[in-house]
Amino acid sequence: MRIGELAGVVGVTARAVRHYHRIGLLPEPPRQPNGYREYTLRDAVELARIRRLTELGLSLDEVKDVLADDAGKDFVEILAELDADLARQEEAIRERRVRLGHLLKQAERTGRLPAEAPVSPELAALFVTMARAAARLPGPEPAMAAKERELLALLETGSPGGDRGWLHAMGQSLSADAEAVRRTYAAYARMDALAEAAEDDPRVDETARAIVGSIPDEVAQALIAADGKDGSEEDGFTDALFAEFAPAQVVAVLRTMLNPAWRSTATAP
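Computed from a prediction, not measured in an experiment: that's the story for all the values here.

Visitor: I'd like a rundown of the overall build of the protein, residues and numbers included.
Guide: Within the protein, the secondary structure is distributed over 14 helices and zero strands. In sequence order, the protein lays out its α and β elements as α-α-α-α-α-α-α-α-α-α-α-α-α-α. When contacts within the protein are restricted to residue pairs at least 6 apart in sequence, long-range pairs at least 24 apart make up 60% of them. Accessible surface computed for the protein: about 16600 Å², of which carbon and sulfur atoms make up 54%.

What follows is the structure, given as structure tokens:
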């Protein structure tokens, strides 16, 4: 058989056969006096086995190990590893389908998805709560609300396996307490008002107090427990975050989120 006939019998391409020759996977028969290589039935059998092994999901290096091991011991080990890997892939696909299902159900209920999607079901539920709250309030939604949603999605993405107790606490609080929603959106509006303000504007302290008052105790405790820092350390992320805020807004945030000790001062009578 010529190389084209061999490839046709097994159902692969001649290019694949040549590649197997180059990497030493399939022995290359010597050329005949006419310049062509002649393949035997044994070559077709070996090529067919290579195809079956690759269709199982084995890499070419793994196929080479299997073919080199006459006893078949390594083949069993490789198949066991392959089966475990496929099981992990199946679980990952199952989890992805669950997330997609949540997104599709949300789209059916609300007619659209938030701009930050896809996010976790917990965060998606929180965003739905925020959207409903904004719809009940007069005027447009504060710009700071949209900015916070972006930040929450970023924080969740950066720590997918981290503690999300703070997120659950926030969602529970806003879902169960209409007054908590009002305080939260009042704080957003105050932050918006600082966009053109000076750093020493008296509204900065008022806004900081409003922010502190809008954070339920269980959320603050969960945040501190998850972070384990006092928030005073500056890094590249902090610099990038503050670059999105006006100077007066930065001061207000520093007096609350970046200095937990100031919380008790701000809420003191």
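Visitor: Please set out a nonpolar patch on the surface residue by residue, giving values where relevant.
Guide: A contiguous nonpolar patch, built from Leu154, Leu155 and Phe237 and spanning about 260 Å² of accessible area, is present on the exposed surface. If you trace the backbone, Leu155 turns up in helix H7 (residues 143–158). Of the residues examined, Leu155 reaches a relative accessible area of 35% and is grouped as partly exposed.

Visitor: Please give an account of the side chain of His21 that cites residues and values.
Guide: Relative to the helices and strands, His21 resides in helix H2 (residues 14–22). At a separation of 2.9 Å, a polar atom in the side chain of His21 contacts the main-chain carbonyl oxygen of Leu26. Apart from the residues within four sequence positions on either side, His21 is in contact with Leu26, Pro27, Glu28, Pro29 and Tyr39.

Visitor: How would you sum up a positive patch on the surface? Please name residues and give values.
Guide: Taken together, the side chains of Lys105, Arg109, Arg132 and Arg136 present a region of like positive charge at the surface. For the positive patch, the elements supplying multiple residues, two or more each, are helix H5 (73–110) and helix H6 (121–136). Checked against the element boundaries, Arg132 lands in helix H6. The exposure class assigned to Arg132 is exposed, which follows from its relative accessible area of 54%.

Visitor: So what's going on with the environment of Ile211? Residues and values would help.
Guide: For Ile211, the location among the structural elements is in helix H10 (residues 203–214). On the accessibility criterion, Ile211 (12% relative accessible area) is buried. Each C-alpha atom of the pair Ile211 and Met191 lies 8.9 Å from the other, and the pair is 20 residues apart in sequence. Those residues in contact with Ile211 that lie beyond four places of it in its chain are Ala187, Met191 and Thr256.

So, how was this worked out
- Residues numbered from 1 in each chain as written.
- Predicted model: local features only at pLDDT ≥ 70, side-chain atom pairs only at ≥ 80, totals over all residues.
- Heavy atoms only, no water.
- Helix = DSSP H or I, 4+ residues; strand = E, 2+ residues; numbered from the N terminus.
- Contact = heavy atoms within 4.5 Å.
- Areas by Shrake-Rupley, 256 points an atom, 1.4 Å probe, with all protein chains shown as cover.
- Patch = residues over 30% accessible without salt bridge, like charges linked within 9 Å, V, L, I, M, F, W, Y side chains within 5 Å.
- Salt bridge = Lys/Arg side-chain N within 4 Å of Asp/Glu carboxyl O.
- Buried < 20%, exposed > 50% of the residue type's maximum accessible area, 1.4 Å probe, protein only.
- Polar contact = N/O pair within 3.5 Å; in protein donor to acceptor, adjacent residues only side chain to side chain.
- Lys, Arg positive; Asp, Glu negative; His and termini not counted.
- Charge placed at Lys NZ, Arg CZ, Asp CG, Glu CD.

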